[in-house]
Amino acid sequence: MCGIVGLFLKDKSLEPQLGQLLSDMLITMTDRGPDSAGIAIYGVPATGKAKVTLQSARPDVDFAGLDDDLAAAGIDSAVLVKSTHAVVEIDADALSSIRGVLSGIRPDIRIMGSGDSVEIYKETGLPKDVVARFDVRSMGGTHGIGHTRMATESAVTTLGAHPFSTGADQCLVHNGSLSNHNNLRRELVREGMTFETQNDSEVAAAYLTAKMAKGKDLGEALTGALDDLDGFFTFVVGTKSGFGVVRDPIACKPAVMAETDQYVAFGSEYRALVNLPGIETARVWEPEPATVYFWDHDRAA
Amino acid sequence: MPVFDLSTTPLRALNSALHALSQGANDTEFEVINPRGSHSVAVGIDTPITVEVRGSVGYYCAGMNDGGTVTVHGSAGPGVAENMMSGTVIIEGDASQYAGATGRGGLLVIKGNAASRCAISMKGIDIVVHGNIGHMSAFMGQSGHLVVLGDAGEALGDSLYEAKLFVRGTVKSLGSDCIEKQMKPKHLAKLAELLEKAGVTDVKPEEFKRYGSARTLYNFNIDNADAY
């Protein structure tokens, strides 16, 4: 199964509640998949700054003195440790070099995601525990996506949890299973993409990243996915300013959406949406098969 | 009228109460409030009671219904009225995928749209959809009637047996072995009866087209004997 949720806020007054709303939505979906859970939250970007979310199996060791070690390597940073994860804020122009620096000074650290605004938290365990561990409820932001996993295609590990992020400020959650992911992964590797896992959903994320790197927008990349990905999928995808949904043509994997003047919301089931403000009068619908839906803050503005 | 508030009462309390009724019990009207998308609301009813559900439900609402009348004043998730035996289920909003799947009898009325696989493997149920239906609807339908006032999606009636399909709007495509068939007086009479039962008053049976099995898939053709 798997449960996925997403919330894209149109009303700025709701932004401080994003973590709270998204946490409740995800916890409601717990019985669709108890193996692992994750959330990606897009905060309001700070000008000239970038964020990198790190994960470590030994946070006490790896995150100790990390800011000093980064400074020694020429990168000024502010490190905020949250359980097994740490969000490192750096100058935006250091984003291209930090991966290389980290692999030298902290070789065991994993980079969950990076960009101007995204923070990604994911671990094995129940959504309520993952949400509490990273204090997701206290986080504000413009949009976010979440996933609770029932594993089918790869192991139950932190790296196998969703969301998958394969490009700056991009992430994807997936309910379903892809059947041509091995072949597609080989093609993407040839194009220069790198992969952390053998997971099918990571391939979908990398596919979209590769398309967008060639200049396509999120909507065009999702349209391409309908032609090039074989299997079952409902995807919810986030970019720095956008939020997209697409289902495969067979559309076995459930999806419900709701829209009001305040937000666009996605849930694997209607249950995930029932606590949202104004849901009683929201437009609620099931996204059509093989149809791309996407919203963008920059375009709306 | 007993009222079950699912925001404070466990689902099992509702369904146990419905199952504990004996034929001829005095309490025959139930109300469910705050269903909040719960799964399996009012499944397994086997007495002629009425259940009014005030809000939207999740998976399998009114599944296996045998004689009850369940009205959902909201939308229904996947598998509503799955394997209904008899009785009536009315959805005031939309229904998700495989509404009325494998139903053996009774009447399912969906006042909004139904998603994919509506009436899949129907075995005697009658289904009236006021809006549109999604792809692969009535797949392998064996008997019963599917009436659609709006449009039908791709591959309607694929691998159909003897279920009868009536569509008023457009059909995006017909599935394997499903063909348009002549509308005879007995079909118009049946359609009029179903429309009346479903509370449809402003639509005439003559506005529909009938679709059914070409009977080339499920009948043995002696010319193919060499293949076995």
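Definitions and limits used
Residues numbered from 1 in each chain as written. Chains lettered and ligands numbered in written order. Predicted model: local features only at pLDDT ≥ 70, side-chain atom pairs only at ≥ 80, totals over all residues. Heavy atoms only, no water. Helix = DSSP H or I, 4+ residues; strand = E, 2+ residues; numbered from the N terminus. Rg over C-alpha atoms; globule rule 2.2 N^0.38 Å. Buried < 20%, exposed > 50% of the residue type's maximum accessible area, 1.4 Å probe, protein only. Contact = heavy atoms within 4.5 Å. Buried area = accessible area lost by both parts, 1.4 Å probe. Polar contact = N/O pair within 3.5 Å; in protein donor to acceptor, adjacent residues only side chain to side chain. Phe/Tyr/Trp six-rings, centres within 6.5 Å; stacked < 30°, edge-to-face > 60°. Core = buried A, V, L, I, M, F, W, Y, C linked by side-chain atoms within 4.5 Å. Salt bridge = Lys/Arg side-chain N within 4 Å of Asp/Glu carboxyl O. Domains from an automatic or database assignment. Pairing = 2+ DSSP bridges. Axes fitted to C-alpha atoms, helices over the stretch in contact; angles between N-to-C directions.

Looking at an unreviewed UniProt entry, one finds chain B named Protein GlxC and attributed to Neorhizobium lilium.

Named according to an unreviewed UniProt entry, chain A is Glutamine amidotransferase originating from Neorhizobium lilium.

Participant: Looking at this structure, I do not really get the overall build of chain A. What am I missing?
Facilitator: The number of helices and strands found in chain A is nine helices and 16 strands. In summary, chain A has a C-alpha radius of gyration of 18 Å against a globular reference of 19 Å for 301 residues, a match within 12%. Considering only C-alpha atoms, chain A reaches an extent of 55 × 45 × 35 Å along its principal axes. Buried positions account for 57% of the 301 residues belonging to chain A. Considering only intrachain contacts with a sequence separation of at least 6, the fraction spanning at least 24 residues in chain A is 70%.

Participant: Which parts of the structure should I look at to understand the interface of chain A and chain B?
Facilitator: A common way to report how large an interface is uses the accessible area buried once the components associate. Contact with chain A, which involves 13 residues of that partner, is made by 12 residues of chain B. Interface of chain A and chain B: buried area, both sides summed, is about 960 Å²; carbon and sulfur atoms make up 46% of it. Between the two partners, chain A and chain B, sit nine residue pairs in polar contact (both at pLDDT 80 or more).

Participant: Would you mind going over the packing of aromatic side chains with me for this structure?
Facilitator: The relation between two aromatic rings is expressed through the spacing of the ring centres and the mutual angle of the planes. Taken as a whole, this structure holds nine aromatic pairs over all chains when the rule is applied. Measuring from ring centre to ring centre gives 6.5 Å for Y293(A) and W295(A), while their planes differ by 15°; the resulting arrangement is stacked. Take Y293(A): its relative accessible area is 15%, and that puts it in the buried class. When the centroid spacing of 5.4 Å and the interplanar angle of 55° are considered together, the rings of Y59(B) and Y60(B) count as tilted.

Participant: What's the story with the side chain of H145(B) in this structure? I'm lost.
Facilitator: All names here are of chain B. Tracing the sequence through the fold places H145 in strand β8 (residues 143-148). The exposure class of H145 is buried, given its relative accessible area of 14%. Once residues lying within four places of it in the same chain are set aside, the contact partners of H145 are M122, I125, D126, I127, K164, F166, K190 and L194.

Participant: Explanation requested: the nonpolar core in the structure shown.
Facilitator: Inside soluble globular proteins, nonpolar side chains tend to come together where they are buried. Residues and elements named next belong to chain B. Counting residues in each nonpolar core, the largest one holds 48 residues, and the members touching the most others are V51, L108 and L146. Sort the elements by how many residues they give to this core and strand β7 (residues 123-129) lands first, with three residues. Residues in contact with L146, not counting those within four places in the same chain, are C118, A119, M122, I127, V129, I133, A138, K164, L165 and F166.

Participant: Is there a simple way to explain the environment of S56(A) in this structure?
Facilitator: Residues and elements named next belong to chain A. Inspection of the secondary structure puts S56 in the loop between β3 (49-55) and α2 (59-62). Residue class for S56 comes out buried when judged on its relative accessible area of 0%. Residues S56 and R106, spaced 50 residues apart in sequence, show a C-alpha to C-alpha distance of 9.5 Å. With residues near it in sequence (within four places) discarded, S56 still touches D62, F63, T84 and I109. Of the polar contacts made by the side chain of S56, one reaches the backbone nitrogen of R58; its length is 2.9 Å. Within polar-contact distance, the side chain of S56 engages the side chain of D62 at 2.6 Å.

Participant: What is the right way to read the pattern of salt bridges from this model?
Facilitator: Side-chain pairing between opposite charges can occur once the charged atoms of the two side chains come close. All names here are of chain A. A full pass over the atoms with the stated rule returns 23 salt bridges over all chains. The residue E119 makes a salt bridge to K51 at a minimum N-O spacing of 2.9 Å. Here the residue E119 occupies a position in strand β7 (residues 118-124), and K51 occupies one in strand β3, the gap between them amounting to 68 residues. The exposure class assigned to E119 is buried, which follows from its relative accessible area of 12%. With a closest N to O distance of 3.9 Å, E123 and R133 form a salt bridge.

Participant: Help me understand the domain arrangement of chain A in this model?
Facilitator: Residues and elements named next belong to chain A. Per the domain assignment, the segments making up chain A are domain 1 (3-43 + 126-300) and domain 2 (46-116). The centre of domain 1, based on its C-alpha atoms, is set 24 Å off from the matching centre of domain 2. Contacts between the two partners involve 11 residues from domain 1, matched on the other side by 11 residues from domain 2. Both sides together, the interface formed by domain 1 and domain 2 hides about 980 Å², and carbon and sulfur atoms give 52% of it. Contact with domain 2 buries surface across domain 1, with F134, T158 and L159 losing the most and accounting together for 43% of the total. At the boundary of domain 1 with domain 2, the tally comes to one salt bridge. The shortest N-O distance in the salt bridge between K240 and D116 comes to 2.9 Å.

Participant: In this structure, what is going on with the sheet that holds strand β3 (residues 50-54) of chain B? I would like to understand it.
Facilitator: The strands that make up a sheet pair up through hydrogen bonds in the backbone, lying either parallel or antiparallel. All names here are of chain B. Pairing is mixed across the open sheet formed by 11 strands, whose spatial order is β1-β2-β3-β4-β5-β6-β7-β8-β9-β11-β10. Edge positions in the open sheet fall to β1 (3-5) and β10 (178-181), since each of these has one partner strand only. Here the average twist between neighbouring strands, direction ignored, is 15°. As paired strands, strand β6 (residues 107-110) and β7 are joined by four bridges and run parallel to one another. Counterpart to L108 in the pairing with β7 is I127. Packing of helix α1 (residues 11-19) onto the sheet brings it into contact with β1, β2 (29-33) and β3, and relative to β1 it is tilted by some 155°. Taken strand by strand, helix α2 (residues 185-197) contacts β6, β7, β8, β9 (164-167) and β11 (209-213), and its axis lies near 70° from that of β8.

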